[in-house]
Amino acid sequence: MTGFEAIDALLAGARQEAELPPAGQRRVLREALNLSRTQVARVLGVSPSTVGGWESGRDPSGEIREKYAYFLEGARTKLEEQAESAGEEASSEDPADQSPTDQISRGQSSTNQDSADAEPDGAGADEVETLSAPQPCVLCGRPAGHQVAGFPQHLDPGECSATDGQPQRTAPRAKAAAPAEPAPAEAPPTTPTPTASAKPVKIVPVGRRVQPASELPDLIGDAVAAALAEHAGDVDAATAALAKRAIPDAMALLDETRKGGRYDIVAHPWIPDILRKQTARGADQIWEARPKWARPELPAGRHEVTALDINGAYLSALKTHLPIGQLEHSTDSHHDRRRAGVHLITPPVWEHDAVLPNPVGNRDEPGPLWVTEPTLRLLLRLSGPKYGLCDPPEIHESFTSGATEGLLEKFRIALKDARDRAIVDADEVTLEYVKAMYSKFVSTMGESNYNRELYRPDWMHLIRSQAFANLWMKAYKAYDEGLVVVRAMGTDELHVSGDWRSVFPEGRGVSEVKVKDTYTVGSDTDPAAVPEHDR
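Keep in mind that this is a model prediction, so the values were computed, not measured. Residue positions are counted from 1 within each chain, in the order its sequence is given. Predicted model: local features are reported for residues with pLDDT of at least 70 only, side-chain atom pairs are reported and counted for 80 or more only, and whole-chain, interface and lining totals are derived from all residues. With hydrogens and water excluded, all non-hydrogen atoms of the structure serve as input to the side-chain values.

A. Broad picture of the overall build of the protein. Scanning the protein for helices and strands turns up 14 helices and 16 strands. With a 1.4 Å probe rolled over the protein chains alone, any residue whose accessible area is under 20% of its type maximum counts as buried; one over 50% counts as exposed, and the rest are partly exposed. Each of the 535 residues in the protein was classed as buried or not, and the buried ones make up 37%. Throughout, a contact is declared for two residues whenever any of their heavy atoms are within 4.5 Å. Taking as baseline every contact in the protein between residues at least 6 positions apart, the subset at least 24 positions apart corresponds to 68%. Note that accessible areas follow from Shrake-Rupley with a 1.4 Å probe, and for residues the cover is restricted to the protein chains shown. Accessible surface computed for the protein: about 31,900 Å², of which carbon and sulfur atoms make up 50%. In this description a helix means any DSSP run of H or I spanning at least four residues, a strand means any run of E spanning at least two, and both kinds are numbered starting from the N terminus.

B. Fine view of the pattern of salt bridges. In what follows, salt bridge is the name for a side-chain nitrogen of Lys or Arg lying within 4 Å of a carboxyl oxygen of Asp or Glu. Following the criterion strictly, the structure yields 23 salt bridges and no others. Among the ionic pairs, glutamate 55 bridges to arginine 30, the shortest N-O distance being 2.5 Å. Pair noted here: glutamate 55 is in helix 4 (residues 48-56) and arginine 30 is in helix 2 (residues 23-32), with a separation of 25 residues, a long-range link. With respect to burial, glutamate 55 and arginine 30 carry one shared label: buried. Across the pair lysine 67 and glutamate 63 runs a salt bridge, and its minimum N-O distance is 3.9 Å.

C. Fine view of unusual backbone geometry. The phi dihedral of asparagine 34 falls on the positive side, at around 60°, and the residue is not glycine. On the secondary structure map, asparagine 34 appears in the loop between helix 2 and helix 3 (37-44). For alanine 426, which is not glycine, the phi torsion reads 55° and is therefore positive. Note that alanine 426 resides in the loop between helix 12 (409-424) and helix 13 (428-443). Taking relative accessible area as the criterion, alanine 426 reaches 60% and is therefore assigned exposed.

D. How the structure looks around the nonpolar core. For our purposes a nonpolar core is just a set of buried Ala, Val, Leu, Ile, Met, Phe, Trp, Tyr and Cys residues, chained together by side-chain atoms within 4.5 Å. Residues Leu318, Leu415 and Phe441 are the most contacted members of the largest nonpolar core, which totals 50 residues. Those elements that provide at least two residues to this core are helix 7 (219-230), helix 8 (235-244), helix 9 (246-257), helix 10 (313-317), strand 11 (339-346), helix 12, helix 13 and helix 14 (457-480). By residue number, the principal contributor to this core is helix 13, which donates eight residues. If we skip the residues at most four places from it in the chain, leucine 318 touches Leu408, Phe411, Arg412, Leu415, Phe441, Val442 and Ile463. Residues Trp293, Trp350, Leu382 and Cys390 belong to the second largest nonpolar core, which totals 26 residues.

E. Molecular detail of the sheet that holds strand 8 (residues 303-310). The pairing criterion is simple: DSSP has to find at least two bridges between the two strands. With antiparallel pairing, five strands are arranged side by side in an open sheet as 7-14-15-8-16. The open sheet has two edge strands with one neighbour each: strand 7 (292-294) and strand 16 (513-521). Averaged over all pairs of adjacent strands, the angle between strand axes in this sheet comes to 20°, irrespective of strand direction. Two strands pair when backbone bridges link them, and strand 14 (residues 484-489) and strand 15 (residues 493-497) are joined in this way by five bridges, in the antiparallel orientation. Of the residues in strand 15, the one forming a bridge with methionine 489 is glutamate 493. Contacts between helix 14 and the sheet are confined to strand 8, strand 14 and strand 15, with strand 15 contributing the most and set at about 5° to the helix. Between N-to-C directions, angles cover 0 to 180 degrees, with each direction set by a line fitted to C-alpha atoms, over the stretch in contact for helices.

F. Just a nonpolar patch on the surface, in detail. Patches in this entry comprise residues that are over 30% relatively accessible and not in a salt bridge; like charges within 9 Å are linked, as are nonpolar side chains (Val, Leu, Ile, Met, Phe, Trp, Tyr) within 5 Å. Side chains of Phe4, Ile7 and Leu11 sit close together on the surface and give an oily, nonpolar patch of about 370 Å² of accessible area. Relative to the elements of secondary structure, isoleucine 7 occurs in helix 1 (residues 3-13).

G. Focus on helix 11 (residues 373-382). Burial analysis of helix 11 places eight of its 10 residues in the buried class, the great majority of the element. Here helix 11 has its buried residues at Glu373, Pro374, Thr375, Leu376, Arg377, Leu378, Leu379 and Leu382. Summarising the contacts, the buried residues of helix 11 are in contact with strand 11, strand 12 (369-372), strand 13 (394-404) and helix 14.

H. Examining the environment of histidine 343 more closely. As for its position among the elements, histidine 343 is in strand 11. Considered as a pair, histidine 343 and phenylalanine 399 are 56 residues apart in the sequence and their alpha carbons are 6.4 Å apart. Filtering out sequence-adjacent residues up to four positions away, histidine 343 remains in contact with His335, Leu369, Trp370, Val371, Thr372, Glu373, Leu376, Glu397, Ser398 and Thr400. Counted as a polar contact is a pair of N or O atoms within 3.5 Å, where, for protein atoms, one must be capable of donating a hydrogen and the other of accepting one, and residues adjacent in sequence contribute only when both atoms are in side chains. At a separation of 2.7 Å, a polar atom in the side chain of histidine 343 contacts the side chain of serine 398.

I. Just the pairing of strand 12, in detail. Side chains Leu369 and Val371 of strand 12 all project onto a buried face; the interleaved residues Trp370 and Thr372 project onto the opposite face, where all are buried too. In terms of strand pairing, strand 6 (residues 286-287) meets strand 12 through two bridges, oriented parallel. The residue of strand 12 that forms the bridge with tryptophan 287 is valine 371. When strand 11 meets strand 12, the two strands line up antiparallel, connected through four bridges. From the neighbouring strand, histidine 343 faces strand 12, where its bridge partner is valine 371.

J. Up close: helix 14. Here, expected helix span is obtained from the residue count minus one, scaled by 1.5 Å. Under the 1.5 Å per step criterion, the end-to-end length of helix 14 is 34 Å for 24 residues, consistent within 8% with the ideal 34 Å. A large share of helix 14 lies buried, amounting to 18 of its 24 residues. Of the residues one or two after helix 14, glycine 482 is the one with positive phi, at around 100°.

K. Structural context of the side chain of threonine 306. Within the secondary structure, threonine 306 sits in strand 8. Only 3.5 Å separates the side chain of threonine 306 from the side chain of tryptophan 500, close enough to count as a polar contact. Look past the residues within four positions of threonine 306 in its chain and what remains in contact with it is Leu494, His495, Val496, Trp500, Val515, Asp517 and Thr518.

L. Geometry of the packing of helix 7 against helix 13. Interhelical geometry of helix 7 versus helix 13 gives an angle of 120° and a closest axis separation of 10 Å. Comparing the axis directions of helix 7 and helix 13 gives the class oblique. The element helix 7 and its partner helix 13 pack so that their crossing is right-handed. On helix 13, the residues touching Ile220, Ala223, Val224 and Leu228 of helix 7 are Val429, Thr430, Tyr433, Val434 and Met437. Partitioning the contact of helix 7 with helix 13 into residue classes produces eight nonpolar, one polar and no charged. Should an angle lie under 35 degrees it is considered roughly parallel, over 145 roughly antiparallel, and from 65 to 115 roughly perpendicular; all remaining angles are considered oblique. Crossing handedness: left-handed means the near helix sits turned counterclockwise from the far one by under a right angle, and right-handed means the same turn made clockwise. Gly is put with the polar residues, along with every residue not named as nonpolar or charged; the nonpolar set is Ala, Val, Leu, Ile, Met, Phe, Trp, Tyr, Cys and Pro, and the charged set is Asp, Glu, Lys and Arg.

M. Summary view of the packing of aromatic side chains. Two aromatic rings, drawn from Phe, Tyr or Trp (for Trp, its six-membered ring), form a pair once their centres lie within 6.5 Å of each other, and the interplanar angle then sorts them: stacked below 30 degrees, edge-to-face above 60, tilted otherwise. Within this structure, the stated rule accounts for nine aromatic pairs. Judged by centre distance (6.0 Å) and plane angle (75°), the rings of tryptophan 350 and tryptophan 472 are edge-to-face. Pair noted here: tryptophan 350 is in the loop between strand 11 and strand 12 and tryptophan 472 is in helix 14, with a separation of 122 residues, a long-range link. The same class applies to tryptophan 350 as to tryptophan 472, namely buried. Between tryptophan 472 and tyrosine 476, the ring centres sit 5.8 Å apart and the planes meet at 10°, which makes this aromatic pair stacked. Linking tryptophan 472 with tyrosine 476, this pair stays in helix 14, spanning four residues, or about one helical turn. As far as burial versus exposure is concerned, tryptophan 472 and tyrosine 476 are alike and both buried.

Okay, here's the thing in structure tokens:
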């Protein structure tokens, strides 16, 4: 084959890439058909985060580009057909689509019919009486055969005018105003009767109350029902199967809850080196401020200590300020509350270790360290006038992005609602499944082989730190209410001595605590309180 023949063959086999609509239209087309990224990704053979990247501006290539273009064109065609069908139905029913002549004719006919059926002017609103003898009309002064609300008056406005060349008279001033009708008594409040067009509100039991049910598809309930059916009602087998699929199911739920969201989730942004593991089994440079604190000493005497378990610690921590986009570096010492990320700070000296844990956790090495947004916000809060427990931290540099506290809020609420329903129904399968979903979601969004759809180690650190900050605030609440704080560990364990039930509600709800253990520390120092045989 000569060089020219090779060029001809190349040109013959070359094809122009399929055209794609602008990035802003791709998401609109998908959501207009109520399709999730997971559904589109499944038929195209890619991940939901890849579809999210295409909707954010990246373009696929090769065969997958043709498939994606085919899907988008098909979506556009389907939406146009639906719009045409809706337009035809509206034109046959909506008077606004009729010609002006038809509307005028119909309006005149309706007006004439209404006029023929209507009572004389004023008869519907006031009492009309026929006079035994004509009296001067209060409006024109000419004889009138009726009176309205006690005043002689023509019922037909055409009669109330000058005739026979007589000048029209000015209506005399009424001697007295018509007596006002007494105001109707206020009707007692009643329950509104639903009309045929009213949409009923679905509710679910939560504790002692009910609340509106989520309008999201019940992905969690469907998955549990399918697992139980697949394993013939075997609870243990269904629970184990659901735990194995918790990560992809959590990502599918996240994708569903982000439909129509104000911000797109950037699943694979550029990450600074401080957030990358230094070795395969090592850690990055972020300090999460995990507490592992025990009170150095207790007051003299016998202390009944209760170890409290904070329910759904990671679930509650999903509500935290998360950076939306790629982290940007700055050396500004001022904290911008509209942004979130990680910060290199010199923490303040903590002088209350005898009664409360250090907000930055148990740290052996002095000097600056990289902390997360929740830790920095907690330190700034405690240094403010309300608490005054420490000096403000010194900020040296930061990696941050514009942030919002509600980025995962719908995702969190969907998990919380499912958890609340499972508690009410004593559904341990769903309870364990939901716990696996949110705990594995948090632990695998960093450098993990188990979740390739989301790589946000910054989010992982921030959510964990928010759980630690939440635990610290509960310790402070206990201390402020007069309890003795004995120990604080991890995300969810708080040991206190005193009447803790007057401070924390007991139960299995996210805002409640449950007892993990009880034990006694110390002994009675009063000899009279010690039995004689033990002296």
